[in-house]
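Breakdown of the fold
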Amino acid sequence: MHNGTLWLDQDGNPIQAHGGMIAKFKDRYYWYGEHKGADNCPHQTRVDVIGIACYSSTDLHTWKYEGLALSADEQADNYLHPSCVCERPKVIYNELNDEYLLWFHADDAQYYYAGVGVARSKHPQGPFHDVRFMQPNRLDSRDMTLFKDQNGKAVLIHSSNYNKTMVLAELNDAYDDVTGFYTSALIDQEREAPILFKKADTYYMITSGCTGWHPNAALYAKSNHLYSGWKLIDNPCSGKNYRKTFNAQASYVFESDGQYILMLDHWQPDDLQHSGYSFLPITFTEDGIEVIWQDQF
Ligand code: GLA
């Protein structure tokens, strides 16, 4: 797959899974993302919500479209209405209830509401149902991600306080709500698009700056503890356009055969449905991480 371009599924259709994530459930990889397969709203850098698409694969190269895991709803008087915002979906499996939980950034078109949506399904590809909207811990929440630790505890990481500060909010055992315990990290650093992953005993957080669809420099932070001790380290990118995250914005890190892969979106603000993708391996150095541009995945 040629990095920086819009990839095709096994039927030859463009993969519509922007701002996405990949999770492995049983023997398959599932790619969830924003379906943006429509023209931009006239003179706007948005497309109406279509839903959250799901694709599956066994080799990360051939992708089968599984349909919409969650669909927009013309009748809805909530944030699933096409006129709203449904971004950066994340799915985790809950052993306790044997179900999949889908969390996403739910908002109105002006990004004033700043909340999350949570839905459940017995199947990884959905359909997800019982959608609930909330502002976690009564805090504003825009770009977000989920992280599940080795001990089975999960956390919601979201940009808060008008995108000034990152919040780490503990999830309950069912992964369908926050517990009320949360801490702040990267205070007043104005970061968004959070990604959290762990290697050995070290937690890493990659974020972007807050310039909307326009690329900026990524930064990573490191800590030995999930809820405290976060320290900004550096821009992990290296190679052409490294100061603009290779003209992209990172969305997630997934693991495959011991490799950590960074997923990125090459947003085209005026034609969002044609925004391309890149997958780049993460290199662990003596004291940090590095992401080197490669033309191919
Ligand atoms: C940033 C966010 C995206 C989206 C756009 C909208 O790029 O990371 O998820 O909200 O802004 O401008």
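Numbering of residues starts from 1 in every chain and runs along the sequence as written. Restriction of local features to residues with pLDDT of at least 70 applies here, the model being predicted, together with a cutoff of 80 or more for giving and counting side-chain atom pairs; totals for whole chains, interfaces and linings are based on all residues. Values reported for side chains reflect all heavy atoms of the structure, with hydrogen atoms and water molecules removed beforehand.

With that settled, the discussion passes to the overall build of the chain. Secondary structure counts use DSSP, requiring at least four H or I residues in a row for a helix and at least two E residues in a row for a strand, with both numbered from the N terminus. Assigned secondary structure in the chain consists of zero helices and 21 strands. For a compact globule of 297 residues, the expected C-alpha radius of gyration is about 19 Å, and the chain comes in at 17 Å, within 12% of that figure. Across its three principal axes, the chain shows a C-alpha extent of roughly 50 × 45 × 40 Å. Across the 297 residues that make up the chain, the buried fraction comes to 56%. Every radius of gyration here is taken over C-alpha atoms, with the globule rule written as 2.2 Å times N^0.38, N being the number of residues. Relative accessibility thresholds used throughout: buried, under 20% of the residue-type maximum; exposed, over 50%; partly exposed, between the two (1.4 Å probe, protein chains only).

Before going further, it helps to examine the confidence of the model for the chain. The quantity known as pLDDT measures the predictor's confidence residue by residue, on a range of 0 to 100. For the chain, per-residue confidence averages 98 on the pLDDT scale, and residues scoring 70 or more make up 100% of the total. Least confident of the elements in the chain is strand β17 (residues 237-238), whose mean pLDDT is 97; most confident is strand β2 (residues 28-35), at 99.

To continue, consider the site of the ligand. What surrounds the ligand is the set Glu87, Arg88, Tyr111, Asp143, Glu192, Gly212, Trp213 and Gln249. Side-chain atoms alone can form a polar contact between residues adjacent in sequence; in general such a contact is a pair of N or O atoms within 3.5 Å, and within protein one must be able to donate a hydrogen while the other accepts it. Within the contact set of the ligand, an oxygen atom lies 3.5 Å away from a side-chain nitrogen or oxygen of Tyr111. At a separation of 2.5 Å, an oxygen atom of the ligand approaches a polar side-chain atom of Asp143. Only the protein chains shown count as covering a residue, and every accessible area follows the Shrake-Rupley method with a 1.4 Å probe. Compared with its free state, where it exposes 310 Å², the ligand has 89% of that area covered by protein. Residue classes in the shell around the ligand are distributed as two nonpolar, two polar and four charged. Throughout, the term near means that a residue has one or more heavy atoms lying within 4 Å of the molecule or strand in question. The residue classification treats Ala, Val, Leu, Ile, Met, Phe, Trp, Tyr, Cys and Pro as nonpolar and Asp, Glu, Lys and Arg as charged. All others, Gly included, are polar.

Put simply, buried Ala, Val, Leu, Ile, Met, Phe, Trp, Tyr and Cys residues joined by side-chain atoms within 4.5 Å make one nonpolar core. With 36 residues, the main nonpolar core has Ile22 and Trp31 as its most contacted residues. Residues Ala250, Val253, Leu264 and Ile289 belong to the second largest nonpolar core, which totals 19 residues.

Here we take up the sheet that holds strand β8 (residues 129-134). Any two strands between which DSSP finds at least two bridges are classified as paired. Read from one edge to the other, the open sheet built from four strands follows the order β5-β6-β7-β8, with strand pairing classed as antiparallel. Of all the strands in the sheet, the pair left with one neighbour each is β5 (85-94) and β8. Strand-to-strand twist of the sheet, defined as the mean angle between neighbouring strand axes without regard to direction, takes the value 20 degrees. Relative to β8, strand β7 (residues 115-121) is paired through four bridges, and the arrangement is antiparallel. In the strand pairing of β8, Gly117 is matched with Phe133. An axis is simply a line fitted to the C-alpha atoms; with a helix, the fit covers only the stretch in contact. Between two such axes, the angle follows the N-to-C directions and lies from 0 to 180 degrees.

Cis geometry is found at the peptide bond from Gly126 to Pro127, where omega equals 0 degrees. Position of Pro127 relative to the elements: it lies in the loop between β7 and β8.

The next subject is the pattern of salt bridges. Here a salt bridge means any side-chain nitrogen of Lys or Arg lying within 4 Å of a carboxyl oxygen belonging to Asp or Glu. Counted under the stated rule, the structure contains 11 salt bridges. Here Lys148 makes a salt bridge to Glu95, at a shortest N to O gap of 3.4 Å. Within this pair, whereas Lys148 is found in strand β9 (residues 144-148), its partner Glu95 is found in the loop between β5 and β6 (99-107), the two being separated by 53 residues in sequence. Salt bridges sharing common partners tie together Glu99, Arg120 and Asp176.

What follows is about the packing of aromatic side chains. The criterion for an aromatic pair is that two Phe, Tyr or Trp rings (for Trp, the six-membered ring) have centres within 6.5 Å, with stacked assigned to planes under 30 degrees apart, edge-to-face to planes over 60 apart and tilted to the rest. Evaluated as defined, the whole model comprises 25 aromatic pairs. Here Trp7 and Tyr277 contribute two aromatic rings whose centre-to-centre distance is 5.7 Å and whose plane-to-plane angle is 50 degrees, an arrangement assigned as tilted. One end of the pair, Trp7, is in the segment before β1 (18-25); the other, Tyr277, is in strand β20 (residues 276-284), with 270 residues separating them in the sequence. We note that Trp7, like Tyr277, is buried. Pairing Phe181 with Tyr227 gives two aromatic rings, centres 5.0 Å apart and planes at 75 degrees, and the pair type is edge-to-face. Of this pair, Phe181 sits in strand β12 (residues 178-185) while Tyr227 is found in the loop between β15 (219-223) and β16 (231-234), placing the two residues 46 residues apart along the sequence. Put simply, the rings of Trp7, Trp31, Trp63, Phe254, Tyr277, Phe279 and Phe297 pair up and form one aromatic cluster. Distance and angle both matter: a charge sits over a ring if NZ of Lys or CZ of Arg is within 6 Å of the ring centre and within 35 degrees of the ring normal. Against the face of Phe284 rests Lys199, its NZ or CZ located 4.8 Å from the ring centre.

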